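Take a look at the letters that make up each chain.
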Amino acid sequence: MKQYQLSTGEKKFIGSHLLVAILSLAVGSLFGPLQAFEHAGWDFYPYLRPWIKSYYQGLTVHGVLNALVWTTFFIMGFLTFNVIFGLKRPLKNPTLNKVGFWLMVVGVVAAAIPILANQATVLFTFYPPLKANWAFYVGLTLVVVGSWVEGWGLFMTFAAWRKENPNVTSPFIAFASVVTALLWQICTLGVAVEILTMLLPWSLGLIEGVDPQLARTYFWFTGHPLVYFWLLPAYLSWYAMLPKQAGNGKMFSDSLARLSFWVFLVLSTPIGIHHQYVDPGVSPAWKFLHSMFTFGVFFPSMMTAFTVVASLEHAGRKNGGKGALAWIGKLNWADPSVAAQLLAGILFFFGGIGGLTNASYNVNLVLHNTAFIPGHFHLTVATAVTLSFMGISYWLLPYLTGRKLWQPKWAVAQSWIWFIGMIIFSNSMHVLGLLGAPRRVPLGLAPYVPAEWNSRLFQVGVGGAILFISGSIYLTIMLMTALNKEKVTEEVEVPIAESMQDVSLTPVWLDRWAPWIYGALGLIVLMYGPVLFEMIKNIALTSPGFRVW
Amino acid sequence: MAKKDKDDEDFRPTGTIAVLAIFVVTLIAIWATIYMILVGRGGTL
Amino acid sequence: MSANKIHIDRYERNWMMFTAVLLVLFATAVSVSAFGMGIQVPAPEQRVDPKTVGTDPNSPWSSPGLREVAPGKYDAYILARAVPTWEYLPKEITIPAGSSVSFYVTSSDVQHGFKIQDTNANFMVLPGQVSKLTIKFDKPGTYNYICTEYCGSGHGIMYGAIIVTP
Ligand code: HEM
Ligand SMILES: [Cu+2]
Ligand SMILES: [Cu+2]
């Protein structure tokens, strides 16, 4: 059976997303090791002065390019691929998707100019009253709007498919992609309102001041579900592609995979206040309620852990794996895409543990804004997500370009090096945080660093060096693959794991959209309505802007 | 439609339970350690 | 599409129930520490105008520092600022061991943080808002308070100290 063929134009369009994503990662990741070296006392920033003025300008580049640009572009490209390939039909309106893509590109450029001119050294959270040049806010807005437009293109395509195929269960990869795009539309409302009603008019001089507490609340409305926008595409691959790649395994439960995507959609937005446990202007009752709902998100996470591990076990057993754990060794570790995603998944267990701890209401007093937090999210977004996306690109790039993956053995090594470097880096960051070390501080120069932190700071540097090696190998492989003269003989097979259950037995209510969307919006109104109503009623636009970098 | 393999019918995810058991023990250990740090550092009211 | 009932594998169902039990345990532990042992997060305290809070003579932050409100009980008014330079006012507080201090912290410019090492005081400091927590210092020694939110290029040098005398 031949697989569905994408047109050359479609492949190019998806490939352009990858290109922007990987270029961003290349520049953004450069600063990660520099920050880690600074922590260890090896300060390279004086040599960068002609281009990058400070640690914080570099940190802004690192956060914006890695967490916002690399992720968003890779994800929009990957979702577009899944919708077309999954539904076996072209986009309903390809021009719309192209418009969305170019809006995002223009947005990135518009935000990059002030960042590089040191006019927007506000970090990727851009908390006011730190005030960036207006072009920074315009750029961010364009990126978000562009991603919305691309999302609408995907919804229209899905709707057209549904019309043509009224009584079939939707293909999982397309379904999961559309849910992810939908989650993004809902969650970005927070920053959209923050920028359009406060930051942009303020940066243009139309209003005098802003309300920092309200701005934070808008920001975290988006900020928490943002992490699910990053994670869900990786979950999609773990659920529906990795088991196939790892040993011809099947997806353990199609229904539960769908259910978990819906629960993420419904529960991930109305819990954002768990990032504001120690804010002065939010009442502890709301904080506590959001923490209990955050515990609720633990369910789809645990469901995902079970279904994914069981699907992998199915693959391992098919490969002849025995015993309680020995089957893990029988997975196709020699395939770089598999190695990368399995290692990403292993570290994600620890990322999840850190996340649950952060979310546990007053336990946050121990962790808030300490080095524990970057320790945590380098396991999640910088490994579970980033290393998985690297793994996906190991088959997706050859698929899109028709060129052979350059040096697959190096690609396997790259994943392992990332894994080892990240264990060293992240472990020492977590411990530093528990000892009281703050984040967002060039700790190599801070006056209050006690001697007991030093060995850990050194390990941060060592981990950073190892990660630098891994990142460089990845970028080399991508470049050499894109230029590879050796072509693949047949189109690369897209790995799709069948469901173990008959998909026609997937309950209909898992393929209905309206109830879940109403549920998501309803919960947002309940969980955020009263908080935002109070804050907006008592709004005080009293904070003028500052440029103190 | 998906054909049912005989192996699939018999498949029991016992290895999964083993993996998740290790995970849960680690989770409880780390969570409890940090919780004890919190309790050790005292009240805030 | 015909089915309505979701099929859940026996193992997976047990796993989900176990997850529920685990969460109830965590939620109970958190509640006991928060509502039983008084380890609480900050609550809304007061709104101020950041433009005048450090200068208006009626504002306690125009003369930041320690006030004894009862024997062994203090209020500490602390101003965090990035302009003209990155600092807390006051930079140093001295109290005898066994004192209980309520910290009232605000900012006259950008967002800051306030974390007293080795205690559970760790919160955001926002312009326009007052953050409050109360800490009892039993052990003599020096406790640094450090800024934990990016507040500009001097963020990493912004700290002060509480000296607890025997
Ligand atoms: C190449 C390996 C990497 C290293 C060595 C590294 C290192 C670091 C370090 C040391 C910090 C803390 C800086 C501070 O708090 O002062 C940091 C922050 C951060 N990193 Fe990375 N990183 C790497 C890759 C990544 C990747 C791939 C991502 C995301 C996809 C990422 C996302 C972030 C974010 C969002 C921050 C927070 C920035 C902020 O506080 O504003 N990093 N990184
Ligand atoms: Cu969150
Ligand atoms: Cu600061």
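Everything numeric in this text was worked out from a predicted model, so none of it was measured.

Engineer: Give me the overall build of chain B: which residues, what numbers.
Structural biologist: The helix and strand inventory of chain B stands at two helices and zero strands. Put simply, chain B shows about 2,400 Å² of open surface, and 68% of that area lies on carbon and sulfur atoms.

Engineer: Tell me about unusual backbone geometry, and name the residues and values.
Structural biologist: Geometrically, the link from C:Val83 to C:Pro84 is a cis peptide bond, its omega value of 5 degrees lying close to zero. Relative to the helices and strands, C:Pro84 is located in the loop between strand 2 (73-81) and strand 3 (87-89). Positioned with a positive phi, A:Phe126 is a non-glycine residue whose angle comes to about 35 degrees. We note that A:Arg440 has phi near 55 degrees; this positive angle belongs to a residue other than glycine. Here A:Arg440 lies in the loop between helix 15 (408-435) and helix 16 (454-483). Using a relative accessible area of 9% as the deciding quantity, one classes A:Arg440 as buried.

Engineer: Any details on the pairing of strand 6 (residues 112-116) of chain C? Residues and values, ideally.
Structural biologist: Residue and element names in this part refer to chain C. The buried count for strand 6 comes to five of five residues, which makes it a mostly enclosed element. Neither face of strand 6 is exposed, since His112, Phe114 and Ile116 on one face and Gly113 and Lys115 on the opposite face are all buried. Sheet analysis places strand 6 next to strand 7 (residues 122-125), joined by four bridges and oriented antiparallel. Note on strand 7: the bridge partner recorded for His112 is Val125. Hairpin connection between strand 6 and strand 7: a loop of five residues separates the two successive antiparallel strands, and Asp118 in this loop has a positive phi of roughly 65 degrees. Pairing between strand 6 and strand 9 (residues 141-146): two bridges, direction antiparallel. Each residue of the ladder has a partner; that of Ile116, found in strand 9, is Tyr145.

Engineer: So what about the packing of helix 12 (residues 336-359) of chain A against helix 15 of chain A? Which residues, and what values?
Structural biologist: Between two packed helices, the angle of one axis relative to the other and the distance separating the axes together describe the packing. Residue and element names in this part refer to chain A. For the pair helix 12 and helix 15, interaxial distance at closest approach is 8 Å and the crossing angle is 10 degrees. Our classification of the angle between helix 12 and helix 15 gives roughly parallel. Facing helix 12, whose interface residues are Pro336, Ala339, Ala340, Leu343, Ile346 and Leu347, helix 15 presents Pro408, Ala411, Val412, Ser415, Trp416, Phe419, Met422 and Ile423. Among the residues forming the contact of helix 12 with helix 15, the class breakdown is 13 nonpolar, one polar and no charged.

Engineer: Give me the lowdown on the site of ligand 1, citing residues and values where you can.
Structural biologist: Residues and elements named next belong to chain A. Inspection of the region around ligand 1 gives 24 residues, with Tyr55, His62, His378, Arg439 and Arg440 positioned closest. Within the side chain of Gln35, one N or O atom sits 3.3 Å away from a nitrogen atom of ligand 1. Within the contact set of ligand 1, an oxygen atom lies 2.7 Å away from a backbone nitrogen or oxygen of Arg440. Listed by contribution, the elements that provide at least two residues to the shell around ligand 1 are helix 1 (8-40), helix 3 (55-87), helix 14 (372-401) and helix 16. Tallying contributions element by element places helix 3 first for the shell around ligand 1, with six residues.

Engineer: Hey, could you go over a nonpolar patch on the surface for me, with residue numbers and the actual values?
Structural biologist: Residues and elements named next belong to chain A. Residues Trp42, Phe44, Tyr47 and Phe458 make up a contiguous nonpolar surface patch of roughly 460 Å² in combined accessible area. Along the chain, the position of Phe458 falls in helix 16. With relative accessibility at 46%, the residue Phe458 sits in the partly exposed group.

Engineer: Run through the coordination of the iron atom of ligand 1, naming residues and quoting values.
Structural biologist: Residue and element names in this part refer to chain A. Here the iron atom of ligand 1 is held by the protein donor atoms His62 (NE2) and His378 (NE2), which lie 2.0 Å from it. One can describe the donor arrangement at the iron atom of ligand 1 as octahedral, given that its six donor atoms subtend angles of 85 to 179 degrees at the metal. Taken together, the residues His62 in helix 3 and His378 in helix 14 connect sequence positions 316 residues apart. Like His62, the residue His378 is buried in the burial classification.

Engineer: Pulling in residues and values, what's your account of the interface of chain C and chain B?
Structural biologist: Counting residues at the interface gives 21 residues for chain C and 17 residues for chain B. In this assembly, chain C packs against chain B so that about 1,800 Å² is buried in total across both faces, 70% of it on carbon and sulfur atoms. Contact with chain B buries surface across chain C, with C:Tyr11, C:Trp15 and C:Phe26 losing the most and accounting together for 31% of the total. Joining chain C to chain B, the criterion identifies one salt bridge. Its salt-bridge partner being C:Asp9, residue B:Arg12 comes within 3.8 Å of it at the nearest N-O pair.

Engineer: A description of the coordination of the copper ion (ligand 3) should follow, citing residues and the corresponding values.
Structural biologist: All names here are of chain C. Those protein atoms acting as donors to the copper ion (ligand 3) are Cys147 (SG), Glu149 (O), Cys151 (SG) and His155 (ND1), and they sit at 2.0 to 2.4 Å. In this structure, the copper ion (ligand 3) is coordinated by four donor atoms arranged in irregular fashion, with angles at the metal of 84 to 128 degrees. Each donor residue of the copper ion (ligand 3) lies on the same chain, and together they follow the pattern C-x1-E-x1-C-x3-H. Look at Cys147 and you get buried, because its relative accessible area is 0%. With relative accessibility at 0%, the residue Cys151 sits in the buried group.

Engineer: An account of the interface of chain C and chain A is needed here, citing residue identities and associated values.
Structural biologist: If you look at the interface, chain C gives 68 residues, while chain A gives 79 residues. For A:Asp211, the salt bridge is made with C:Arg47, and the minimal N-O distance between the two is 3.3 Å. In this structure, the connection of chain C to chain A is made through 21 residue pairs in polar contact (both at pLDDT 80 or more). Going through the elements one at a time, helix 1 (10-36), strand 7, strand 8 (131-137) and strand 9 of chain C are the ones with two or more residues in the side of chain C that touches chain A. Per element, the largest residue contribution to the side of chain C that touches chain A is 15 residues, and it comes from helix 1 of chain C. Among the residues making up the side of chain C that touches chain A, the classes are represented as 38 nonpolar, 20 polar and 10 charged.

Engineer: Please provide a residue-by-residue account of the pattern of salt bridges, values included.
Structural biologist: Residue and element names in this part refer to chain C. Under the defined criterion, the tally for this structure stands at 16 salt bridges over all chains. Between Lys136 and Asp138 there is a salt bridge whose closest N-O contact spans 3.0 Å. Residues joined in a network through salt bridges with shared partners are Arg81, Glu87 and Lys91.

Engineer: Can you tell me about helix 14 of chain A, naming the residues and giving the values?
Structural biologist: Residue and element names in this part refer to chain A. Between the first and last C-alpha of helix 14 there are 40 Å, a value that for 30 residues agrees with the 44 Å anticipated at 1.5 Å per step. Ser393 marks the point of greatest bend in helix 14, at about 35 degrees. With 28 of its 30 residues buried, helix 14 lies for the most part within the structure.

Engineer: Please provide a residue-by-residue account of the packing of helix 8 (residues 212-240) of chain A against helix 10 (residues 254-267) of chain A, values included.
Structural biologist: Residue and element names in this part refer to chain A. For the pair helix 8 and helix 10, the least separation of the axes is 12 Å and the interaxial angle reads 180 degrees. On the basis of their axis angle, the class for helix 8 and helix 10 is roughly antiparallel. Across the interface between the two elements, Tyr228, Leu232, Tyr235, Leu236 and Tyr239 from helix 8 touch Leu256, Ala257, Ser260, Phe261 and Phe264 from helix 10. Across the contact of helix 8 with helix 10, the residue classes break down as nine nonpolar, one polar and no charged.

Criteria and cut-off values
Residues numbered from 1 in each chain as written. Chains lettered and ligands numbered in written order. Predicted model: local features only at pLDDT ≥ 70, side-chain atom pairs only at ≥ 80, totals over all residues. Heavy atoms only, no water. Helix = DSSP H or I, 4+ residues; strand = E, 2+ residues; numbered from the N terminus. Areas by Shrake-Rupley, 256 points an atom, 1.4 Å probe, with all protein chains shown as cover. Buried < 20%, exposed > 50% of the residue type's maximum accessible area, 1.4 Å probe, protein only. Pairing = 2+ DSSP bridges. Axes fitted to C-alpha atoms, helices over the stretch in contact; angles between N-to-C directions. Parallel < 35°, antiparallel > 145°, perpendicular 65-115°, else oblique. Contact = heavy atoms within 4.5 Å. Nonpolar A, V, L, I, M, F, W, Y, C, P; charged D, E, K, R; others polar. Near = heavy atom within 4 Å. Polar contact = N/O pair within 3.5 Å; in protein donor to acceptor, adjacent residues only side chain to side chain. Patch = residues over 30% accessible without salt bridge, like charges linked within 9 Å, V, L, I, M, F, W, Y side chains within 5 Å. Salt bridge = Lys/Arg side-chain N within 4 Å of Asp/Glu carboxyl O. Donors = N, O, S within 2.8 Å, 3.2 Å for Na, K, Ca; no water. Tetrahedral: all angles 85-135°; square planar, octahedral: opposite > 155°, others 65-115°. Buried area = accessible area lost by both parts, 1.4 Å probe. Expected span 1.5 Å × (residues − 1). Bend = angle between axes of the 7 residues up to and from the residue.

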